[in-house]
Number of protein chains: 2
Amino acid sequence: MKGANINLNIRSLKPSATLAINERIAELKKQNKEVYSFGLGQSPFHVPKEVVNELIKHAAEKDYLPVQGLLKLRESVAEFHNRHNHLKFSAENILIGPGSKELIFLTQLVYYGEIIFPAPSWVSYHPQAKIIGNNVHFIPTNYKGRWLLSAEDLEAFCSAENDPDKPRILILNYPSNPVGSTYSIRELEELVVVLKKYNIIVISDEIYGLLHHKGEHHSIATLYPKKTIISSGISKWCGAGGWRLGTFAFPKNLDWLLNGMKVAASETFTSVSAPIQYAAVKAFEGSPDIDLYLVHSQRILSVIGNWCYQLLKERQIRIIKPEGGFYIFPSFRNYSAKLKRKGIVTCKELAETILMETGVACLPGEDFGLDPKLLVLRMAYVNFNGENAINQSMKMNLDPLPDSFVKDQSPLIYQGMLKLINWIDRL
Amino acid sequence: MKGANINLNIRSLKPSATLAINERIAELKKQNKEVYSFGLGQSPFHVPKEVVNELIKHAAEKDYLPVQGLLKLRESVAEFHNRHNHLKFSAENILIGPGSKELIFLTQLVYYGEIIFPAPSWVSYHPQAKIIGNNVHFIPTNYKGRWLLSAEDLEAFCSAENDPDKPRILILNYPSNPVGSTYSIRELEELVVVLKKYNIIVISDEIYGLLHHKGEHHSIATLYPKKTIISSGISKWCGAGGWRLGTFAFPKNLDWLLNGMKVAASETFTSVSAPIQYAAVKAFEGSPDIDLYLVHSQRILSVIGNWCYQLLKERQIRIIKPEGGFYIFPSFRNYSAKLKRKGIVTCKELAETILMETGVACLPGEDFGLDPKLLVLRMAYVNFNGENAINQSMKMNLDPLPDSFVKDQSPLIYQGMLKLINWIDRL
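Residues numbered from 1 in each chain as written. Chains lettered and ligands numbered in written order. Predicted model: local features only at pLDDT ≥ 70, side-chain atom pairs only at ≥ 80, totals over all residues. Heavy atoms only, no water.

Another aspect to go through is the sheet that holds strand E12 (residues 377–380) of chain B. Across a sheet, strands are paired by hydrogen bonds formed along the backbone, either parallel or antiparallel in direction. All names here are of chain B. What the three strands build is an open sheet, ordered E9-E12-E11; its pairing is antiparallel. Strands with a single pairing partner mark the edges of an open sheet, and in this sheet they are strand E9 (327–328) and strand E11 (363–364). As paired strands, E11 and E12 are joined by two bridges and run antiparallel to one another. Residue pairing across strands places Leu-363 opposite Arg-378, the latter belonging to E12. (Pairing = 2+ DSSP bridges. Helix = DSSP H or I, 4+ residues; strand = E, 2+ residues; numbered from the N terminus.)

Attention shifts here to the interface of chain B and chain A. With 65 residues of chain B at the interface, the matching set in chain A holds 65 residues. Here chain B and chain A share an interface that buries about 5,400 Å² over both sides, 61% of which is from carbon and sulfur atoms. Broken down residue by residue, the surface that chain B buries against chain A is led by Lys62(B), Tyr64(B) and Glu267(B), which jointly contribute 16%. Here chain B and chain A share zero salt bridges between them. (Contact = heavy atoms within 4.5 Å. Buried area = accessible area lost by both parts, 1.4 Å probe. Salt bridge = Lys/Arg side-chain N within 4 Å of Asp/Glu carboxyl O.)

The antiparallel open sheet is built from three strands, whose spatial order is E9-E12-E11 (chain A). Bordering the open sheet on either side are strand E9 (327–328) and strand E11 (363–364) of chain A, each of which pairs with just one other strand.

Okay, the nonpolar core next. One recurring pattern in soluble globular proteins is that nonpolar side chains are buried together. Grouped together as the largest cluster of nonpolar side chains are 260 residues, with contacts concentrated most on Trp237(A), Phe332(A), Trp237(B) and Phe332(B). Excluding its chain neighbours within four sequence positions, the residues that come into contact with Trp237(B) are Phe80(B), Ile207(B), Leu210(B), Leu211(B), Ser232(B), Ala283(B), Phe284(B), Ile290(B), Tyr293(B) and Leu294(B). (Core = buried A, V, L, I, M, F, W, Y, C linked by side-chain atoms within 4.5 Å. Buried < 20%, exposed > 50% of the residue type's maximum accessible area, 1.4 Å probe, protein only.)

Moving on to the domain arrangement of chain A. Residues and elements named next belong to chain A. Each assigned domain of chain A is listed with its residue range as follows: domain 1 (9–46 + 289–425) and domain 2 (51–286). Put simply, the middle of domain 1 and the middle of domain 2, counted by C-alpha atoms, are 25 Å apart. In this complex, domain 1 contributes 36 residues to the contact, which on the side of domain 2 involves 38 residues. Counting each side, the surface lost to burial between domain 1 and domain 2 is near 3,100 Å², with a carbon and sulfur contribution of 65%. The three residues of domain 1 that bury the most area against domain 2 are Ile-320, Glu-323 and Phe-368, which together make up 21% of that side's buried surface. (Domains from an automatic or database assignment.)

All names here are of chain A. Summed over all chains, the structure comprises 34 aromatic pairs over all chains. With a centroid separation of 4.9 Å and 80° between ring planes, the pair formed by Phe-117 and Phe-138 is classed as edge-to-face. Here Phe-138 lies in strand E4 (residues 136–140) and Phe-117 lies in strand E3 (residues 114–119), a separation of 21 residues in the sequence. Residue Phe-138 is classed as partly exposed on the basis of its relative accessible area, which comes to 30%. (Phe/Tyr/Trp six-rings, centres within 6.5 Å; stacked < 30°, edge-to-face > 60°.)

Looking now at the pattern of salt bridges. What the rule picks out here adds up to 36 salt bridges over all chains. Asp425(A) serves as the salt-bridge partner of Arg315(A), at 2.9 Å between the closest nitrogen and oxygen. Taken together, the positions of Arg315(A) in the loop between helix H11 (288–313) and E9 and Asp425(A) in helix H16 (residues 411–425) put the pair 110 residues apart, joining distant regions of the chain. Judged by its relative accessible area of 46%, Asp425(A) falls in the partly exposed class. A salt bridge links Lys166(B) to Glu161(B), with the shortest nitrogen-to-oxygen separation between them at 3.2 Å. Note on Lys166(B): relative accessible area 22%, which makes it partly exposed. A single network of salt bridges, built from pairs that share partners, joins Glu114(A), Glu161(A), Lys166(A) and Arg168(A).

Before going further, it helps to examine the side chain of Thr247(A). All names here are of chain A. Tracing the sequence through the fold places Thr-247 in strand E8 (residues 246–249). Given the relative accessible area of 0%, Thr-247 is considered buried. Excluding residues within four positions of it along the chain, Thr-247 makes contact with Val-77, His-81, Leu-95, Ile-96, Leu-103, Ile-230, Ser-231, Ser-232, Gly-233 and Phe-284.

Counting through the fold element by element, Gln42(A) comes out in the loop between strand E1 (36–37) and helix H3 (49–57). There is a polar contact of 2.8 Å between the side chain of Gln42(A) and the side chain of Asp63(B). Engagement of the side chain of Gln42(A) in a polar contact is seen with the backbone nitrogen of Tyr64(B), the distance being 2.9 Å. In this structure, Gln42(A) is in contact with Phe326(A), Val382(A), Asp63(B) and Tyr64(B), ignoring residues within four places of it in sequence. (Polar contact = N/O pair within 3.5 Å; in protein donor to acceptor, adjacent residues only side chain to side chain.)

Counting buried residues in helix H5 (residues 100–110) of chain B gives 11 out of 11 residues, a clear majority hidden from the surface. Listing the buried residues of H5(B) in full gives Ser100(B), Lys101(B), Glu102(B), Leu103(B), Ile104(B), Phe105(B), Leu106(B), Thr107(B), Gln108(B), Leu109(B) and Val110(B).

Now the structure itself:
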């Protein structure tokens, strides 16, 4: 386009994958097609009432807050990590940003070194690197390894680079978007051996930590405290994605990175919206009601995720049992011959055909850095009214919820999955 | 520092100047020193009650909003510009960001070309360019030209570059931070002749537009609609700096830039906080009460600004009569011989000495891109309770407010100015 002077790093980028699927869904709905969305990964749950009440109470707060964040909020975030992970953060170790996505972007902007992450990874790590023009590397993982990074793969990658002193950041996200799997303590311990050997900084993206389905999330920071930055926020476990507040917790000896990010923050977003910061204090402080909200969130996600998993597993779809968060990541490779006869060779073609023939909207694994021929889809099981589901769950005892809960409380997920299963059966 | 791998573009940056002065003030206050702050440029006024009420009403909004911004908000921003400047924007021309600072940063990131701005300019344009590694140029202005960019200077700059087709963005801020002056229609017309000749895109930073003291702000977009992006927000005229919401209004034929920025936004801040966006709809829609709030804001700033101006003018300080916003920009050059005897040669030394000897805190002109030897300071006259001042102003008739209003309603500004004048008199 004449006169369109766009930074080449950005010209090559498409709008984010989750955005694209939303627009596609909107189009189809306009044509009166029935769509079952498994696309955007937004929490289905409401923001806890106590937290909303704090926003109401602080609605008139209008002052610019400190770049690093409201002191009281940083105290409560530090205390939150110390409570959940037995760590020793204090307010000065915490940085508040308008979403952890923005904070990860600023890290990529401020840090000088190599950024590595496993493939598959969350959709935005790589485009962020592209925008900045960073040197990044994917380390492939595989289905047998639950799509998680193994110590062997990390060691192989680092030793192949033949530059043991290279400055590196590894971004690790668990419970995982897009997979739904997470690391055991043993697996984290094995990783830490390699991380120590190569002196690698870790950004531990634990935004789904409190949505571990059994409440058993374990942070790598406990094993590798001096080099781990914990990334978190209120978008997932607290239902407040649209509020835009993320947090980074830095170990003391990464102060230089925190300080660099503060400078960049002061010239970009300045500080996070004041009323939102005041409200978030309550979210991180927690309360008996918020604990209850979490317990019910976890068991609801567990029953829905496992029901979806079972249905697909029974049909020889390669899929990892969900452990946390709200995603499954099925691979259709066992159907590749049948799919090829339908002209489907890539995961994009797979996602598009399923959408057109069943109305089920998923994201192709390609968007997460996977080989398109692996025929993987990411499905978010969040298309239900979380507030109603929690109210219903509260009326039931605390044993695992029955499978009937899925049909009753998440009818669109139920119907969408049946459509998908039916489509598979007819292949 | 060993292991501190910081992008060299950021390593060289200091924390922003306004931030630094705040920390300095906090230090002195800890030592029980009396400080009269003329540092940070934060609106002294409250957020209008109707707008706060909308935030309360929408506190539970938790969904991620579209990257470009809530449709209803974009409609009201378009309508706002059309109403105030007789333009023809519609919702699709508007982009909402977490502060116009962030949007200006994204423009610098996305655009490929030269960024130019007058010196003095707002503190963040240049560090943003440094962070990104952009090719930027200051065009010097001078006291006689009211520190505004003249058509002649712009022509001289462009013709000296000897590259008439070079892609360029000019960032123009008026009413001006740091000066308080603004462009007449005639001056804008003259600029437009040169802008057209070189086909330059303008970012017209009109964040202080509604704080023109006579309510007579005129946008360059009316004269140069096809190439002007209007930058605005709710931080200044609406008192909501801490809420973090800025707006860009693009002409249709700069869609390529808007689209590039949307891609960058989707990989960084994602979208602006949902409750804040819902509340801002009311701010841009306006109401009779908001109009009244504005009229009183304008006349209060006018009486205080002019009182400060007069005091300094009477002492042969070189200073421009305030026309809008809440800054004055005095030059102490007429005192340079006397100051030299005190060992003061630069504006930083001047600011530091005044702070230590009188408690009056100002920013040095150097932070705005000026030669330190010009001995210029930026003073923000906002250190008063705006809500009380408006309530008081409402009880008085609509003639200009009397000078006694300054002493009654902004005692710290009154006392600080007297201390400063006394200090000058004793030079």
